[in-house]
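Examining the three-dimensional arrangement
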Amino acid sequence: MRTAVVVGAGLIGTSIALSLSAKGVTVYLSDKEPMAALTAAALGAGHAEEPPGTVDLAVLAVPPADIATTLADAQRRGIAHAYTDVASVKAQALDAIEAACCDTRTFLGGHPMAGGERSGPLAARADLFEGRVWALVPTPTTSAETWRTVRSMLDLCGATPLVMDPHGHDRAVALVSHTPHLVASLMAARLQHATDAEVGLSGQGVRDVTRIAGGDPELWLGILSANADGVADILDELAQDLDEAVGALRALAVDDEAGRATGAAALTGLLNRGCAGHGRLPQKRGAPQGTYVTVSVLIGDQPGELARLFTDVGAAGVNIEDVFIDHAPGQISGLVELLVTAESADRLRNSLRVPSTVMAH
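Let us look at the structure shown here.

How each quantity is defined
- Residues numbered from 1 in each chain as written.
- Predicted model: local features only at pLDDT ≥ 70, side-chain atom pairs only at ≥ 80, totals over all residues.
- Heavy atoms only, no water.
- Helix = DSSP H or I, 4+ residues; strand = E, 2+ residues; numbered from the N terminus.
- Buried < 20%, exposed > 50% of the residue type's maximum accessible area, 1.4 Å probe, protein only.
- Contact = heavy atoms within 4.5 Å.
- Lys, Arg positive; Asp, Glu negative; His and termini not counted.
- Charge placed at Lys NZ, Arg CZ, Asp CG, Glu CD.
- Polar contact = N/O pair within 3.5 Å; in protein donor to acceptor, adjacent residues only side chain to side chain.
- Disulfide = S-S within 2.5 Å.
- Pairing = 2+ DSSP bridges.
- Axes fitted to C-alpha atoms, helices over the stretch in contact; angles between N-to-C directions.
- Phe/Tyr/Trp six-rings, centres within 6.5 Å; stacked < 30°, edge-to-face > 60°.
- Salt bridge = Lys/Arg side-chain N within 4 Å of Asp/Glu carboxyl O.

A few points about the overall build of the protein
Along the protein, the regular secondary structure elements total 14 helices and ten strands. Projecting the C-alpha coordinates of the protein onto the three principal axes gives extents of approximately 70 × 55 × 40 Å. Considering the protein as a whole, with its 361 residues, one finds that 38% of them fall into the buried category. For the protein, contacts bridging at least 24 residues in sequence account for 70% of all contacts bridging at least 6. Distance between charge centres in the protein, computed from 26 positive and 42 negative side chains, equals 6 Å.

See below:
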């Protein structure tokens, strides 16, 4: 693949363009807001102009509701030999593509499982897709040549392909992406009218739960609208669990031993189910469950402390698979959680003199 057009210079589109440009692909950028394309071009993502001829691949980085009309227009103008998209909802878009009589042989749907709280070209990164799953959702007639071109793009972006059918894809993202975003927003809304003292007690827990709530509301309205039934189904299940949790907590608050026992059992069951579900999340993409453990280290809030910690870990011959930092504004220390392989955890604890009973979990 030598040439590409990216239609839509937002976070995802610009990140794709940056990644392809860094690998030597000539990229042309377009956006309904010309300044977005110019900004992306200024960042080194490509050229904010029409290509001189037909390119190898057109990437449609537009909202789900606009995929069909954008594809129809692009195919009518013959801007590319192959087409893909990055929309997070597939079934509705593919139905609209067929209804618009688009050429489905040259189209292969795509959805990179990457993003961020910030939107727009200034939030883009060339390495955004490195090691990330990229769902591929073909039409019944997607050609072999289209497959090869889109797979070439994934290889250049460093992503891992996962082939799915449209309805299976939409059910999956409703569970692991769309509903979590809505639930995070609902929890964050509880903070809107909280007192300064209440917000001042915020720790890493509430930050983790509400982190993704800062996404663009207009963008997320389009996503949730396109996958409304799937998200509503999961919220129905969640509502049943919430009702059970409310009942259990009310029972724990009454002066009745039998009622408290019933409430405790129900709440324990919900918490155990949560632990079981959390345990199924991969700690690192592509790694077997239970491969990694966390070693927690308390460090001082002074310049160079984090650098010294990483140097000491390197001196111990241990590779850090991932790192999480519990920020505590105004405090004189912070908690750094290092994700390492199970076989290297004890060696790291001994090297750092971290007691396993306190600092590892």
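Looking at the side chain of Ser88
By the secondary structure assignment, Ser88 is in the loop between β4 (80-85) and α4 (91-99). A polar side-chain atom of Ser88 sits 3.4 Å from a polar atom in the side chain of His178.

What to know about the state of the cysteines
Linking two cysteines covalently via their sulfur atoms produces the bond known as a disulfide. With the rule as written, the count across this model stands at zero disulfides. Free cysteine: Cys101, not disulfide-bonded; nearest cysteine sulfur from Cys102 at 7.8 Å. Assessed through its relative accessible area of 67%, Cys101 is described here as exposed.

A word on the environment of Thr142
As for its position among the elements, Thr142 is in the loop between β6 (133-138) and α5 (144-157). Taking relative accessible area as the criterion, Thr142 reaches 13% and is therefore assigned buried. Sequence separation of Thr142 and Arg105 is 37 residues, and the distance between their C-alpha atoms is 4.1 Å. Setting aside residues up to four positions removed in sequence, Thr142 forms contacts with Thr104, Arg105, Phe107, Leu108 and Trp147. In terms of polar contacts, Thr142 uses its side chain to reach the backbone amide nitrogen of Thr139, at 2.9 Å.

Examining the sheet that holds β4
With mixed pairing, seven strands are arranged side by side in an open sheet as β2-β1-β3-β4-β5-β6-β7. Looking at strand neighbours, the two that pair on one side only are β2 (26-30) and β7 (160-163), the edges of this open sheet. Strand-to-strand, the axes of this sheet are offset by a mean angle of 25°, without reference to chain direction. Of the pairings in the sheet, the one linking strand β3 (residues 55-60) to β4 comprises five bridges and is parallel in character. Looking across to β4, one finds that Val55 is bridged to Ala80. Set on the sheet, helix α3 (residues 67-77) makes contact with β1 (3-7), β3, β4 and β5 (107-112); between it and β4 the angle comes to about 175°.

Describing the packing of aromatic side chains
In total, this model carries one aromatic pair according to the counting rule given. Here the aromatic rings of Phe129 and Trp134 are separated by 5.0 Å at their centres, their planes lie at 50°, and the arrangement is tilted.

Looking at the environment of Val137
Within the element layout of this structure, Val137 appears in strand β6. Taking relative accessible area as the criterion, Val137 reaches 0% and is therefore assigned buried. For the pair formed by Val137 and Asp241, sequence separation is 104 residues and the distance between their alpha carbons is 32 Å. If near-sequence neighbours (up to four positions away) are discounted, Val137 is found in contact with Lys90, Leu94, Leu108, Gly109, Met164, Asp165, Pro166 and His169.

Re the pattern of salt bridges
Pairing is possible between side chains that carry opposite charge, provided their charged atoms lie close to one another. Counting across every chain of the model gives eleven salt bridges. For Asp127, the salt bridge goes to Arg125, with nearest N and O atoms at 2.9 Å. What makes Arg125 partly exposed here is its relative accessible area of 41%. A salt bridge links Arg308 to Glu305; the nearest nitrogen and oxygen atoms lie 2.6 Å apart. Taken together, the residues span about one helical turn, with Arg308 and Glu305 both in helix α12 (residues 305-315) at a distance of three residues. Of the residues examined, Arg308 reaches a relative accessible area of 45% and is grouped as partly exposed. Within this structure, Glu50, Asp73, Arg76 and Arg77 form a network of salt bridges that share partners.

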